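Given next are the chains, with one letter for each unit.
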Amino acid sequence: MAVQAQVLYDFTAEPGHNELTVRQGDTITVLDQTVGGGWIQAQDSSGRTGLVPEGYLQVVSAGEGVQESYAGGGASVGGAVDASEFNDYDDWDDEWDDQSVSSNHDQVEGEGDAAGRSTSGSAVKMSLNRFPFSKGPSPEVFLLAKPPSSSRERLPVYIGEVGPVWLYPSAPLDCLIADPKKESKLYGLKSYIEYQITPNTTNRAVNHRYKHFDWLYERLLDKYGSALLIPSLPDKQVTGRFQDDFIRMRMEQLQSWMTRMCRHPVVSNSDVFQLFLTCADEKEWKAGKRRAERDETVGPMIFSLVEPEALELDAGVVEQKCELYSRFTKSMEDVVRELLSVGHTHWKRCTGPLPKEYERIGRAFKNLSTVFNTSRYPGEETLTDALTAAGQTYEEIAELIAQQPQRDLHFLLETNNEYRGMLGCFPEIFSVHKSATEKVRESDRLVLAGKISSIDRKLMFQRISNMSYSLQAEMNHFHSNRIHDYNRVMQLYLQEQVMFYQQIADKLRGALNQFTTL
């Protein structure tokens, strides 16, 4: 019996890619599930055949009436494939890539059900973008857990002028993302964009696809997500991914994300980040990936690596600071969202109704000039020419207005988008710290109940102090970057605004000089 599948989302085929256009609610016939790369070959009711993303389909009849969602690029009709199969499949150029709908960031905004939940089965890979808390033990377990003996990493915290700070490198790390190229595999059935990344430490380029950035993001989030700000990658886009404008925008967003990660003293010095920036050999890449994926110091266990140079912190003082941090980040998040809303509204006005208003003014001046010309009155050519020039000036101003958001507002909005993502990480970080603090408060009762020893209680206080040092160091890093970033972006924005209004003033002054003084 032929396998039938129901289409969960609309999918539009791209020319030259042997894809099949389908619409939500359609029922199609599955012809070949072994194509790979998160695709299946299918036939629609009209007899057309082509490739359709597996994640867009749900099996409605499969031999004995099993109903199953395709998921993870390999769920078979007879039952969902164990998710562990995908964890072991780590080929340098493996089957899921920048196009695969089974990767972490494949959900296009607005797709899925009304609540934004995934509609696929048990083999689906949970999006860490949406649920950003790390794997590993809970904060309570960390307070008494034995640190992994295999870890050689250390996260020193020093006391600076503003309080606890991370150890910053003497030479800041940076990298350049450039030269995006379209590559293909599976005899041209699968295409992807590969980017060239060149760190300033080696000046040797390595090539990575979006899926490699996605893997790096997962590893950083797993390892540091309970202590550090790990902002999300730019979202994946299913359609239009090979258009020049999208590639340029994607490269710009990846550059911003990598620059921010390079500026973090902990992330930039980590083994997994250095692997991503420097490893160009396939075997070394595979070995490095396996090491990173076996790392035991993930989630709250990352605090076992923190080594403050000062004495234990006072719990009451730390709690007050945490409350201050929480209020500040919440207020900043509200204002950032407001600025984004105002900025997007202004952008729409600048590229829509506002230029049209100036164009109408310009046409009105030109029409007035045309009417004046019909009078045939001697000596008014100077006036009609000046009116025509004024009309042309207003049309040129309309064009300037339409182009201006891309020159100034774009960078302001991008910076605020980045900070909205980072601010969204704080609630989880505060939650981890609060959960551990509440457990430490119970330590006296636990000692009296015989559940922990006095030595354990002392260890708990030491470790909550380490967590507090880490939190303050991260907040100080955030504040330092915030001051730098907003100072820079506001300077750029206002400089562009000054030049913009200067251009308008110059044009209006030129139009004014066309008119003679009576």
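Cut-offs used in this document
Residues numbered from 1 in each chain as written. Predicted model: local features only at pLDDT ≥ 70, side-chain atom pairs only at ≥ 80, totals over all residues. Heavy atoms only, no water. Helix = DSSP H or I, 4+ residues; strand = E, 2+ residues; numbered from the N terminus. Buried < 20%, exposed > 50% of the residue type's maximum accessible area, 1.4 Å probe, protein only. Areas by Shrake-Rupley, 256 points an atom, 1.4 Å probe, with all protein chains shown as cover. Axes fitted to C-alpha atoms, helices over the stretch in contact; angles between N-to-C directions. Left-handed = near helix turned anticlockwise from the far one by under 90°. Contact = heavy atoms within 4.5 Å. Nonpolar A, V, L, I, M, F, W, Y, C, P; charged D, E, K, R; others polar. pLDDT = per-residue confidence, 0-100. Salt bridge = Lys/Arg side-chain N within 4 Å of Asp/Glu carboxyl O. Pairing = 2+ DSSP bridges. Core = buried A, V, L, I, M, F, W, Y, C linked by side-chain atoms within 4.5 Å.

**Re the overall build of the protein chain**
Inference 1: Scanning the protein chain from N- to C-terminus turns up 14 helices and twelve strands.
Inference 2: A burial count over the protein chain gives 45% of its 518 residues as buried.
Inference 3: Of the accessible surface of the protein chain, which amounts to about 26,600 Å², a share of 51% is contributed by carbon and sulfur atoms.

**Notes on the packing of helix α8 (residues 315-351) against helix α14 (residues 454-512)**
Inference 1: Their axes nearest at 11 Å, the elements α8 and α14 cross at an angle of 35°. In the crossing of α8 with α14, the sense of the turn from one axis to the other is left-handed. For the pair formed by α8 and α14, the contact residues are Val318, Lys321, Cys322, Tyr325, Phe328, Thr329, Met332 and Val336 on the first element and Ser468, Leu471, Gln472, Met475, Phe478, His479, Arg482 and Tyr486 on the second.
Inference 2: A breakdown of the residues in the contact of α8 with α14 according to their chemical character gives ten nonpolar, four polar and two charged.

**Brief notes about the environment of Val165**
Inference 1: Along the chain, Val165 turns up in strand β8 (residues 163-166).
Inference 2: For the pair Val165 and Glu474, spaced 309 residues apart in the sequence, the C-alpha separation amounts to 7.3 Å.
Inference 3: For Val165, the contacting residues outside a window of four places in its chain are Pro156, Val157, Tyr158, Gly160, Ala473 and Asn476.

**Quick look at the confidence of the model for the protein chain**
Inference 1: Averaged over all residues, the pLDDT of the protein chain equals 81, while 80% of them reach at least 70.
Inference 2: Within the protein chain, no element has a lower average pLDDT than helix α1 (residues 84-87), which sits at 36, and none a higher one than helix α5 (residues 265-268), at 96.
Inference 3: Here residues 61-136 is modelled with pLDDT under 50, and outside its nearest four sequence neighbours on either side it reaches 190 contacts, counting other chains as well.

**Points about the pattern of salt bridges**
Inference 1: For the structure shown, the criterion picks out 22 salt bridges.
Inference 2: Among the salt bridges present, the one from Arg263 reaches Asp485, with a minimum N-O distance of 3.0 Å. Highlighted residues: Arg263 in helix α4 (residues 244-263) and Asp485 in helix α14, separated in sequence by 222 residues.
Inference 3: For Arg509, the salt bridge identified is with Asp506, shortest N-O distance 3.1 Å. Highlighted residues: Arg509 and Asp506, both in helix α14, separated by three residues, approximately one helical turn.
Inference 4: Its relative accessible area of 46% is what places Arg509 among the partly exposed residues.

**Overview of the sheet that holds strand β9 (residues 175-185)**
Inference 1: Ordered in space as β9-β10-β11, the three strands form an open sheet in which the pairing is antiparallel. A single partner strand is all that each edge strand has here, and the edge strands are β9 and β11 (206-209). In this sheet, adjacent strand axes meet at a mean angle of 30° when their direction is disregarded.
Inference 2: Pairing of strand β10 (residues 190-199) with β11 involves four bridges; the strand directions are antiparallel. Bridging across to β11, Tyr195 finds its partner in His208.
Inference 3: Here helix α3 (residues 210-224) sits on the sheet in contact with β9, β10 and β11, set at roughly 85° to β11.
Inference 4: Each of β9 and β10 is contacted by α4, which is oriented at about 135° to β9, the strand it contacts most.

**Quick look at the pairing of strand β4 (residues 49-53)**
Inference 1: With respect to burial, β4 is a largely interior element, four of its five residues being buried.
Inference 2: Examined bridge by bridge, strand β3 (residues 39-43) and β4 share five bridges and lie antiparallel to one another. Note that in β4 the partner of Ile40 across the bridge is Val52.
Inference 3: Between β3 and β4, which pair antiparallel in sequence order, lie five residues; one of them, Gly47, sits at a positive phi of approximately 95°.

**Some remarks on the nonpolar core**
Inference 1: Counting 58 residues, the largest nonpolar core has Phe213, Leu216, Leu220, Ile230, Met258 and Phe273 as its most contacted members.
Inference 2: Looking at which element gives the most residues to this core, the answer is α3, with eight residues.
Inference 3: Look past the residues within four positions of Leu220 in its chain and what remains in contact with it is Gly225, Ile230, Trp257, Met261, Val267, Ser270, Val272 and Phe273.
Inference 4: In terms of nonpolar packing, the next biggest core, distinct from the first, is built from 23 residues, Met332, Leu423, Leu471 and Met475 among them.

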